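Observations on the model geometry
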Amino acid sequence: MRASLIQIAVDPDEPVDARRARAARLVREESGHADLVVLPELWTVGAFASDLFAAESEPLNGPTHRAMAEAARDAGVWLHAGSFVEAEGGALYNTSLVLSPDGELAASYRKIHRFGFDKGEAVLMAAGEDLVTVDLPHLTLGVGTCYDLRFPELFRGLVDAGAQAFVVPAGWPALRRAHWTLLAKARAVENQAYVLACGTAGTHAGVEQAGHSIVVDPWGEVLAEAGPDEEILRVVLDPAKVTATREQFPALKDRVLGVATPRGRRG
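Structural notes, computed from the coordinates.

Analysis parameters
- Residues numbered from 1 in each chain as written.
- Predicted model: local features only at pLDDT ≥ 70, side-chain atom pairs only at ≥ 80, totals over all residues.
- Heavy atoms only, no water.
- Axes fitted to C-alpha atoms, helices over the stretch in contact; angles between N-to-C directions.
- Helix = DSSP H or I, 4+ residues; strand = E, 2+ residues; numbered from the N terminus.
- Parallel < 35°, antiparallel > 145°, perpendicular 65-115°, else oblique.
- Left-handed = near helix turned anticlockwise from the far one by under 90°.
- Contact = heavy atoms within 4.5 Å.
- Nonpolar A, V, L, I, M, F, W, Y, C, P; charged D, E, K, R; others polar.
- Pairing = 2+ DSSP bridges.
- Buried < 20%, exposed > 50% of the residue type's maximum accessible area, 1.4 Å probe, protein only.
- Right-handed = clockwise from strand over helix to strand, strands pointing away.
- Phe/Tyr/Trp six-rings, centres within 6.5 Å; stacked < 30°, edge-to-face > 60°.

**Some words on the packing of helix α4 (residues 152-160) against helix α5 (residues 177-191)**
A pair of packed helices is captured by two measures, namely the crossing angle of their axes and the spacing between those axes. In the contact formed by α4 and α5, the axes pass within 11 Å of each other and the chain directions differ by 40°. It follows from the interaxial angle that α4 and α5 lie oblique. Seen from above, α4 lies across α5 with right-handed handedness. Within the contact between the two elements, α4 uses P152, F155, R156 and V159 and α5 uses R187, E190 and N191. Of the residues assigned to the contact of α4 with α5, the class counts are three nonpolar, one polar and three charged.

Structure, rendered in structure tokens:
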């Protein structure tokens with residue numbers, strides 16, 4: 001499976017409609033290069049621009065969904081459309097969409113772990129509740145978002161639900177970039193799964209972004225890593241490598257603590 005991670009910058013002076021159009025164009029340009037395309041977290045508004053969350057919120061089937069569905073259909077790719085601010089029932093959510101090559105919604109995921117330590121996202125957004133996996137041809141994706149990366153129990157739950165790869169869009173700050181790469185590798189190694197971690201470039205509300213999107217294989221080897229600026233990573237994933245790794249080094253079978261009946265929601 002060919003995957004492309006589109007590390008885009010959020011320019012605060014760029015109107016959101018223009019930003020959607022630019023993201024859609026970049027997705028379309030991956031036609032012929034990728035089977036799966038991934039965008040970063042909150043690229044429509046900026047992960048740290050919390051004062052704009054309410055004003056830039058939209059329903060699940062709003063303009064971001066429509067623009068990304070059309071782009072996925074035009075490109076003929078599976079698209080993890082990063083995340084946007086979803087408004088539903090008087091609450092805001094940090095919501096990701098996974099769209100099929102025919103533009104249909106395959107799954108949505110509301111971020112479970114909200115960042116901010118009693119400010120920003122942590123108080124302005126409601127928490128999701130469901131673990132989400134998506135069955136692609138030959139590969140099952142588990143979905144997380146940014147701060148989720150710090151909580152290994154979420155990824156264990158996704159493995160129990162069948163995940164062979166994790167997609168993690170993010171708006172991770174440059175100040176903690178070392179944690180970003182370390183945690184991406186750790187989640188890959190401990191779960192013997194691919195990690196596709198797609199970050200943003202630029203600066204959000206005065207917070208410099210880490211960039212450095214990264215793809216890690218089930219042995220913890222880095223297949224590709226971006227720099228700090230806008231960039232597209234292209235990699236090839238081999239689903240058989242997940243099976244082979246888990247058979248050759250069956251550490252997951254030796255789990256004792258935290259083993260539970262799989263739960264979650266499939267797209």
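**Let's talk about the pairing of strand β14 (residues 222-225)**
A regular strand carries its side chains on alternate faces of the sheet. Here strand β13 (residues 214-216) runs beside β14; their pairing, made up of three bridges, is antiparallel. When the bridges of β14 are listed, V216 appears paired with V222. Connecting β13 to the antiparallel partner β14 that follows it, the hairpin turn spans five residues, and G220 within it adopts a positive phi of roughly 90°.

**Re the pairing of strand β4 (residues 78-88)**
Across the 11 residues of β4, nine count as buried, placing the element largely inside the fold. Pairing geometry for strand β3 (residues 36-38) and β4, over three bridges, is parallel. Following the sheet pairing, L36 is matched in β4 by W78. The parallel pair β3 and β4, bridged by helix α2 (residues 63-75), forms a crossover whose chirality is right-handed. The pairing of β4 with strand β5 (residues 91-99) spans eight bridges and is classified as antiparallel. Paired with L79 across the strands is L99, a residue of β5. Following β4, the chain reverses through two residues before pairing antiparallel with β5; G89 in that reversal takes a positive phi of roughly 60°.

**So, the packing of aromatic side chains**
Applying the stated criterion to the full structure yields eight aromatic pairs. Ring geometry for F115 against Y147: centres 5.1 Å apart, planes inclined by 75°, an arrangement best described as edge-to-face. One end of the pair, F115, is in the loop between β6 (105-110) and α3 (121-124); the other, Y147, is in the loop between β8 (139-143) and α4, with 32 residues separating them in the sequence. Among the residues examined, F115 registers a relative accessible area of 22% and is labelled partly exposed. For Y147, a relative accessible area of 14% translates into the label buried. Between W172 and W180, the ring centres sit 5.3 Å apart and the planes meet at 45°, which makes this aromatic pair tilted. Like W172, the residue W180 is buried in the burial classification. An aromatic cluster is built from F48, F115, F117, Y147 and F151, whose rings are joined through pairwise contacts.

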